Amino acid sequence: MKDTDTPREPGFRDSVDLMFNRAVALMDLSPGLEQKIRVCNATYIVRFGVRLRGHIHTFTGYRSVHSEHLEPVKGGIRYAPEVNQDEVEALAALMTYKCALVEVPFGGSKGGLCIDPREWDEHELEAITRRFAYELAKRDLIHPSQNVPAPDMGTSEREMAWMADQYARMNTTDINARACVTGKPLNSGGIAGRVEATGRGVQYALREFFRHPEDVRRAGLSGGLDGKRVILQGFGNVGYHAAKFLSEEDGCRIVGIIERDGALMSETGLNVQNVRDWIGKHGGVTGCPEGRHVDDGARVLEEECDILIPAALEGVINLTNAERILAPLIIEAANGPVTAAADDILRGKGTVIIPDLYANAGGVTVSYFEWVKNLSHIRFGRMQRRAEEAHHLLLIEELERLSADKRLGWELSPDFKTRYLRGAGELELVRSGLDDTMRTAYQSMRERWHGQENVTDLRIAAFTVAIERVASSYRAKGL
Ligand code: GLU
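Residues numbered from 1 in each chain as written. Predicted model: local features only at pLDDT ≥ 70, side-chain atom pairs only at ≥ 80, totals over all residues. Heavy atoms only, no water.

Visitor: Just checking my understanding: could you explain the environment of Val 352 for this structure?
Guide: Structurally, Val 352 can be placed in strand β12 (residues 352–354). Each C-alpha atom of the pair Val 352 and Lys 138 lies 44 Å from the other, and the pair is 214 residues apart in sequence. Not counting residues within four places of it along the chain, the set of residues in contact with Val 352 comprises Phe 209, Arg 218, Ala 219, Pro 328, Leu 329, Ile 330, Trp 449 and Leu 458. (Helix = DSSP H or I, 4+ residues; strand = E, 2+ residues; numbered from the N terminus. Contact = heavy atoms within 4.5 Å.)

And the structure:
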């Protein structure tokens with residue numbers, strides 16, 4: 001093989017564009033519109049100094065806006081030393097397609113700060129975050145109706161609370177100030193179920209996939225989720241919640257967990273909570289008494305299992321290992337974990353991939369609910385919960401009256417009354433809204449996958465549905 005024939009690993013941004021190109025090749029878009037959708041509208045780089053430990057430290061941050069066909073634009077802010085323009089642009093593009101696919105009315109954006117959060121104390125991180133938020137807010141890159149950040153790798157509720165407070169200090173009369181970021185703690189305008197949302201979405205996505213025996217067969221699997229062997233890569237917020245729900249509620253066996261410092265494996269299944277607690281205390285899996293430790297964690301991606309869930313960084317399944325991946329089903333809980341080159345190889349082998357723009361959309365979906373809650377200034381369920389209960393009580397009382405008549409020979413089961421009377425609170429409503437969103441979006445991908453001959457995989461199905469929706473927004477604007 002000549003050197004030029006060797007498959008090349010594209011960068012992250014190129015990888016997303018290659019997937020986009022594969023989808024638009026099957027569509028009938030004008031070349032101008034195609035390009036308009038593909039390109040990133042703007043990327044802002046801010047450099048700012050913060051005086052810490054007796055010195056001025058200069059930090060570099062990014063906020064990239066991929067598409068403003070709908071506003072506000074939406075997407076997380078990541079804290080990691082490797083953050084760069086290529087990465088935030090790729091992630092911003094994925095946000096555009098993700099929001100379109102799950103019908104969340106936002107454009108796509110993403111941000112990042114080049115920092116290793118583990119190197120700084122909490123009060124230092126607060127000073128850095130507030131200064132970063134100030135730089136973004138003064139350019140309307142944090143704004144309830146323009147650009148609404150959220151947590152991503154290396155950030156959490158804590159950073160969102162600081163950012164929201166910083167914005168509120170700069171906009172003291174803005175009644176909607178709280179809607180300037182999502183993923184806030186509950187006591188600062190957050191919503192129940194946001195922390196678990198991405199992991200919960202992965203669970204709902206898998207449940208929906210397994211409701212379709214034909215799709216399950218395409219992956220060479222059979223039956224339901226019960227007893228399926230799962231390997232997870234990355235045990236942060238997303239990986240942990242996905243593993244917890246799949247093992248506790250769906251009977252999956254978590255046979256492998258891969259972290260930065262190695263992996264844990266157990267054929268009988270790892271105890272998810274014990275692993276989480278260990279990592280919380282020791283910062284990694286080394287020394288954890290659960291299962292057996294494997295030093296070369298990356299190799300565990302290549303172990304046999306039914307479902308592989310990459311839930312950390314982009315590009316972990318690439319040209320170097322794609323050929324050796326044995327899992328017949330991959331669900332992308334992270335953004336961009338499979339490179340475009342690896343995607344080609346895996347498709348060739350018949351691996352079914354549930355793509356990131358669908359699989360990890362749970363986070364932004366619940367962010368949308370939080371944003372709506374902030375703008376409506378009322379907790380979901382507050383008006384109707386007791387009214388629903390009272391309505392249900394009418395029925396219960398009537399049933400109780402009838403069952404008191406022993407001649408009819410039937411009675412209510414013991415806990416029916418409590419279960420039936422329980423009105424839905426915010427958490428139940430959020431989960432139900434998320435479940436509905438995940439099911440509906442899967443149906444729209446599935447229709448393409450099965451209904452259009454040249455749509456051979458779920459990723460291209462997802463991209464075509466999303467791009468079509470973005471295109472029709474642009475057309476409606478007269479572009
Ligand atoms: N960072 C998450 C993602 O990549 C959430 C974004 C959001 O909630 O806006 O989807």
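Visitor: Just to check I follow, could you spell out the side chain of Ser 367 for this structure?
Guide: Mapping Ser 367 onto the fold places it in helix α12 (residues 362–376). For Ser 367, a relative accessible area of 0% corresponds to the buried category. Contacts of Ser 367, omitting those with residues within four sequence positions, involve Lys 74, Ala 150, Thr 182 and Arg 194. (Buried < 20%, exposed > 50% of the residue type's maximum accessible area, 1.4 Å probe, protein only.)

Visitor: Can you walk me through the side chain of Asp 250 in this structure?
Guide: Here Asp 250 lies in helix α8 (residues 237–250). Those residues in contact with Asp 250 that sit more than four places away from it in its chain are Gln 203, Arg 207, Leu 225, Asp 226 and Phe 245.

Visitor: Looking at this structure, how should I read the site of the ligand?
Guide: By nearness alone, 14 residues border the ligand, and Lys 74, Lys 98, Lys 110, Asp 152 and Ser 367 come closest of all. Between the ligand and Lys 98, the relevant distance is 2.7 Å, taken from an oxygen atom to a side-chain nitrogen or oxygen of the residue. In this structure, Arg 194 approaches the ligand through a side-chain N or O atom, which is 3.1 Å from an oxygen atom. Alone, the ligand offers 300 Å² of accessible surface; in the complex the protein occludes 95% of this. Listed by contribution, the elements that provide at least two residues to the shell around the ligand are β3 (73–80), α3 (85–101), β5 (147–151) and α12. Taken together, the residues of the shell around the ligand sort by class into four nonpolar, five polar and five charged. (Near = heavy atom within 4 Å. Polar contact = N/O pair within 3.5 Å; in protein donor to acceptor, adjacent residues only side chain to side chain. Areas by Shrake-Rupley, 256 points an atom, 1.4 Å probe, with all protein chains shown as cover. Nonpolar A, V, L, I, M, F, W, Y, C, P; charged D, E, K, R; others polar.)

Visitor: Got a minute to help me understand the sheet that holds strand β7 (residues 253–259) in this structure?
Guide: Paired through backbone hydrogen bonds, the strands of a sheet run either parallel or antiparallel to each other. Spatially, seven strands are ordered β9-β8-β7-β6-β10-β11-β12 in an open sheet, and the strand pairing comes out mixed. Of all the strands in the sheet, the pair left with one neighbour each is β9 (292–294) and β12. Across the sheet, the axes of successive neighbouring strands diverge by a mean angle of 20°, strand direction being ignored. Here strand β6 (residues 229–233) pairs with β7 via five bridges, running parallel. Directly across from Arg 229, in β7, lies its bridge partner Arg 253. The strands that helix α6 (residues 197–209) touches are β10 (307–310), β11 (329–331) and β12; relative to β11, the one it contacts most, it runs at about 145°. (Pairing = 2+ DSSP bridges. Axes fitted to C-alpha atoms, helices over the stretch in contact; angles between N-to-C directions.)

Visitor: So what exactly am I meant to see when it comes to unusual backbone geometry here?
Guide: Keep in mind that most residues, glycine aside, have a negative phi and that most peptide bonds are trans. For the bond running from Glu 71 to Pro 72, omega is 5°, close enough to zero to count as cis. Relative to the assigned elements, Pro 72 resides in the loop between β2 (55–67) and β3. Unusually for a residue other than glycine, Glu 103 sits at a positive phi of about 55°. Relative to the assigned elements, Glu 103 resides in the loop between α3 and β4 (107–114). We note that Asp 140 has phi near 60°; this positive angle belongs to a residue other than glycine. Locating Asp 140 in the fold gives a position in the loop between α4 (122–137) and β5.

Visitor: Looking at this structure, how should I read the sheet that holds β5?
Guide: Taken in spatial order, the five strands line up as β1-β2-β4-β3-β5 in an open sheet, and their pairing is mixed. One side of each edge strand has no neighbouring strand; the edge strands of this open sheet are β1 (42–52) and β5. Averaged over neighbouring strand pairs, the angle between their axes works out to 25° when direction is ignored. Where β1 meets β2, eleven bridges bridge the pair, whose relative direction is antiparallel.

Visitor: How should I be thinking about the pairing of strand β8 (residues 262–265) in this particular structure?
Guide: Two faces, one strand: in a regular strand the side chains alternate between the faces of the sheet. Along β8, one buried face is formed by Gly 262 and Leu 264 and the opposite face, lined by Ala 263 and Met 265, is buried too. As consecutive antiparallel partners, β7 and β8 are separated by two residues.

Visitor: Mind showing me how you'd approach the packing of aromatic side chains here?
Guide: Each aromatic ring pair is summarised here by two numbers: the centre-to-centre distance and the angle between the ring planes. Following the criterion strictly, the structure yields 13 aromatic pairs and no others. Aromatic side chains Phe 59 and Trp 120 sit 5.8 Å apart centroid to centroid with 65° between the ring planes, which places their arrangement in the edge-to-face category. In this pair, Phe 59 is assigned in strand β2 and Trp 120 in the loop between β4 and α4, connecting sequence segments 61 residues apart. Phe 59 sits in the buried class, given a relative accessible area of 5%. With relative accessibility at 13%, the residue Trp 120 sits in the buried group. Considering the side-chain rings of Tyr 97 and Phe 463, the 5.3 Å spacing of their centres and the 55° angle between planes classify their relative orientation as tilted. Of this pair, Tyr 97 sits in helix α3 while Phe 463 sits in helix α16 (residues 458–476), placing them 366 residues apart in sequence. The two residues Tyr 97 and Phe 463 agree in class, both being buried. Taken together through their ring pairs, the aromatic side chains of Phe 48, Phe 59, Trp 120 and Phe 132 make up a single cluster. Lying across the ring of Tyr 240, Arg 276 places its NZ or CZ 4.2 Å from the centre. (Phe/Tyr/Trp six-rings, centres within 6.5 Å; stacked < 30°, edge-to-face > 60°. Lys NZ or Arg CZ within 6 Å of the ring centre and 35° of its normal.)

Visitor: What's the story with the pattern of salt bridges in this structure? I'm lost.
Guide: Two side chains carrying opposite charge are able to pair once their charged atoms lie near each other. For the structure on display, the rule yields 46 salt bridges. Note that Arg 229 is salt-bridged to Asp 306, the shortest N-O span being 3.3 Å. Residue Arg 229 is found in strand β6, and its partner Asp 306 is found in the loop between β9 and β10; the two are separated by 77 residues along the sequence. Connected via shared salt-bridge partners are Arg 22, Glu 332, Asp 343, Asp 344, Arg 347, Asp 356, Asp 457 and Arg 459. (Salt bridge = Lys/Arg side-chain N within 4 Å of Asp/Glu carboxyl O.)

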